[in-house]
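Breakdown of the fold
Below, each chain spelled out in residue letters.
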Amino acid sequence: MRYYIRRITFYLITLWAAISLNFLIPRLLPGDPVGIMLAKLGRNGEVTPATVKSIQLLLGSSPDTSMWEQYLAYWGRLFQGDLGISITRYPTPVIELISEALPWTIVLVGLATTLSFVLGVGLGAWIGWKRGTWADHIIPFTTLLQSVPYFWLALLLVFVFSVTLGATPIIGGYDVFTFAQPEASWAFLSSAIYHGILPAVTIVLSSVGGWLLGMRNMTVSTLAEDYITTAEAKGLRPRRIFFTYAVRNAALPSIAGFGISLGFVVAGSIVMEQVFSYPGVGKLLIQSVQNNDYALIQGVFLFITVAVLAANFLMDLIYGFIDPRTRHHG
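Quick caveat, the model's predicted, so the values are computed rather than measured.

Here is what the cut-offs are and how they apply
- Residues numbered from 1 in each chain as written.
- Predicted model: local features only at pLDDT ≥ 70, side-chain atom pairs only at ≥ 80, totals over all residues.
- Heavy atoms only, no water.
- Helix = DSSP H or I, 4+ residues; strand = E, 2+ residues; numbered from the N terminus.
- Buried < 20%, exposed > 50% of the residue type's maximum accessible area, 1.4 Å probe, protein only.
- Contact = heavy atoms within 4.5 Å.
- Areas by Shrake-Rupley, 256 points an atom, 1.4 Å probe, with all protein chains shown as cover.
- Patch = residues over 30% accessible without salt bridge, like charges linked within 9 Å, V, L, I, M, F, W, Y side chains within 5 Å.
- Salt bridge = Lys/Arg side-chain N within 4 Å of Asp/Glu carboxyl O.
- Lys, Arg positive; Asp, Glu negative; His and termini not counted.
- Charge placed at Lys NZ, Arg CZ, Asp CG, Glu CD.
- pLDDT = per-residue confidence, 0-100.
- 1 Å grid on protein atoms, 1.4 Å probe; cavity = no way out; pocket = protein on both sides within 12 Å on 5 of 7 lines; lining within 4 Å.
- Points joined across faces, edges and corners; volume = space filled by probe spheres on them.
- Nonpolar A, V, L, I, M, F, W, Y, C, P; charged D, E, K, R; others polar.
- Phe/Tyr/Trp six-rings, centres within 6.5 Å; stacked < 30°, edge-to-face > 60°.
- Axes fitted to C-alpha atoms, helices over the stretch in contact; angles between N-to-C directions.
- Parallel < 35°, antiparallel > 145°, perpendicular 65-115°, else oblique.
- Core = buried A, V, L, I, M, F, W, Y, C linked by side-chain atoms within 4.5 Å.
- Polar contact = N/O pair within 3.5 Å; in protein donor to acceptor, adjacent residues only side chain to side chain.

Turning our attention to the overall build of the protein. Across its full length, the protein holds 15 helices and 0 strands. Counting every position in the protein, which comprises 330 residues, the buried fraction comes to 41%. Partitioning the contacts of the protein with sequence separation of at least 6, the portion at a separation of at least 24 is 73%. Only carbon and sulfur atoms are counted for the fraction: they give 68% of the accessible area of the protein, which is about 18300 Å².

Next comes the structure, spelled out in structure tokens:
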């Protein structure tokens, strides 16, 4: 029980520190969202003092309030689910923009990351079991795919399958000429799947090599342990030794890494989403940075931070359950 209390306390303190930094860092950067909004409004004519005051109150950066008061107000808005107003798509709330982009990222990047993990760990364990055979020749190929620059691989796949062969769409998450907006229908779902095939393949090809190599090395190292030799001396079947003793212990580091990867799923795949113009969180983050949309940047970073901490916390709980050594010595 003390193990779980320590972990909960650690993550609560980390969450408070991350949210505090998320509030502080944008306010230490040059420029401010109020000035950017006033510059946009100034192009259409004179901005009255009342308009300036309204924008300052709306964006939560009034000069009449101290930093401490703004900090307390920021926490109050967080508890109410208010992340501010986006100046990129004014006056749309930040939480609305994120809620629109988040499902696209979670479905595509989450499924692709899970598929990459399952393929990498499964093949890695099998190659480690068959070490020294022809199966080891798979490692250089997957390592080469992982070392290829992410954006170059995405552009290469677009050129081959979209431009040359015309087999897949070039951009977008669905057919905008058929559907004005997302809807609950089989036709729309088919269109979304069709548009997501190539981005998903890009993620899998560029990430499966790391899982495969790590699992293969851990399996080879585990097979050299004394308990594996003891199991073989007892005459246990090879299949039981492989699944019960080798894979179960060799997969522990990969499971921990998978938890972190799931947390970063919320961040999206920035390069992939930019190349394919996919309507996910990664593309939203690029737009917010390009437009100096501090409220949107803060909101996206907050979602990423909470997701990563939640995934790590969940994996700590699971890790403590499957590996008792962690509870006693961690």
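There is a patch of like positive charges on the surface, built from Lys-234, Arg-237, Arg-239 and Arg-240. Of note, Lys-234 is situated in the loop between α9 (226–233) and α10 (238–250).

For any part of a model where pLDDT is low, the fine detail of the predicted coordinates should not be relied upon. Confidence along the protein averages 79 in pLDDT terms, with 84% of residues attaining 70 or more. No element of the protein has a lower mean pLDDT than helix α15 (residues 324–329), which averages 59, and none a higher one than helix α5 (residues 94–129), which averages 87.

A few words on the layout of surface pockets. When its volume is computed, the second largest pocket comes out at roughly 360 Å³. Considering the residues around the second largest pocket, the lining is formed by 17 residues, among which Val-107, Leu-108, Leu-111, Ala-192 and Tyr-278 are closest to the centre. Among the secondary structure elements, those contributing two or more residues to the lining of the second largest pocket are α5 and α8 (186–223). A class-by-class count of the residues in the lining of the second largest pocket yields 16 nonpolar, 1 polar and no charged.

Below, the discussion takes up the packing of aromatic side chains. Two measures describe an aromatic ring pair: the distance that separates the ring centres and the angle between the ring planes. All chains considered together, the criterion is met by 15 aromatic pairs. Considering the side-chain rings of Trp-104 and Tyr-278, the 5.8 Å spacing of their centres and the 85° angle between planes classify their relative orientation as edge-to-face. Note that Trp-104 is positioned in helix α5 and Tyr-278 in the loop between α12 (270–275) and α13 (281–290), a separation of 174 residues in sequence. The two residues Trp-104 and Tyr-278 agree in class, both being buried. Relative to Phe-243, the ring of Phe-242 has its centre 4.9 Å away and its plane inclined at 75°; by these criteria the two rings are edge-to-face. Counting every residue linked through ring pairs, the aromatic cluster contains Phe-23, Trp-68, Tyr-71, Tyr-74, Trp-75 and Phe-79.

Our focus in this paragraph is the pattern of salt bridges. One pass over the structure, following the stated rule, counts 1 salt bridge. Residues Asp-136 and Arg-216 are paired through a salt bridge, measuring 3.3 Å at the closest nitrogen-oxygen approach. Here the residue Asp-136 occupies a position in the loop between α5 and α6 (138–147), and Arg-216 occupies one in helix α8, the gap between them amounting to 80 residues. Residue Asp-136 shares its accessibility class with Arg-216, and that shared class is buried.

A cluster of nonpolar side chains, namely Phe-151, Trp-152, Leu-155, Leu-156, Phe-159, Val-160, Phe-161, Val-163, Leu-165, Ile-170, Ile-171 and Val-271, defines an oily patch on the protein surface of about 1100 Å² accessible area. Take the nonpolar patch: its biggest share by element is 8 residues, from helix α7 (residues 150–164).

What follows concerns the packing of α8 against helix α11 (residues 252–264). Relative orientation of the contacting elements α8 and α11 amounts to 155°, with a least axis distance of 10 Å. The angle between α8 and α11 places the two elements in the roughly antiparallel class. Residues Trp-211, Met-215 and Met-218 of α8 touch α11, and the partners they reach there are Pro-253, Ser-254, Gly-257, Phe-258 and Ser-261. Tallied by class, residues from the contact of α8 with α11 come to 5 nonpolar, 3 polar and no charged.

Moving on, we come to the nonpolar core. Of all hydrophobic cores here, the largest spans 21 residues; its most connected members are Ile-98, Leu-284, Leu-296 and Val-300. Of all elements in the fold, only α1 (2–28), α4 (67–79), α5, α13 and α14 (294–322) reach the threshold of two or more residues within this core. Ranked by the residues each element gives to this core, the list is headed by α14, at 6 residues. The contacts of Ile-98, once residues within four sequence positions are left out, are Leu-83, Leu-284, Leu-296, Gly-299, Val-300 and Phe-303. The next biggest cluster of nonpolar side chains, apart from the first, holds 20 residues, and it includes Val-158, Phe-179, Met-272 and Tyr-278.

This part takes up the side chain of Thr-113. Tracing the backbone through its elements, the reader meets Thr-113 in helix α5. Accessibility expressed as a relative area gives 12% for Thr-113, which makes it buried. At 2.7 Å, the side chain of Thr-113 forms a polar contact with the backbone oxygen of Val-109. For Thr-113, the residues in contact, after removing those within four places along its chain, are Phe-258, Ser-261 and Val-265.

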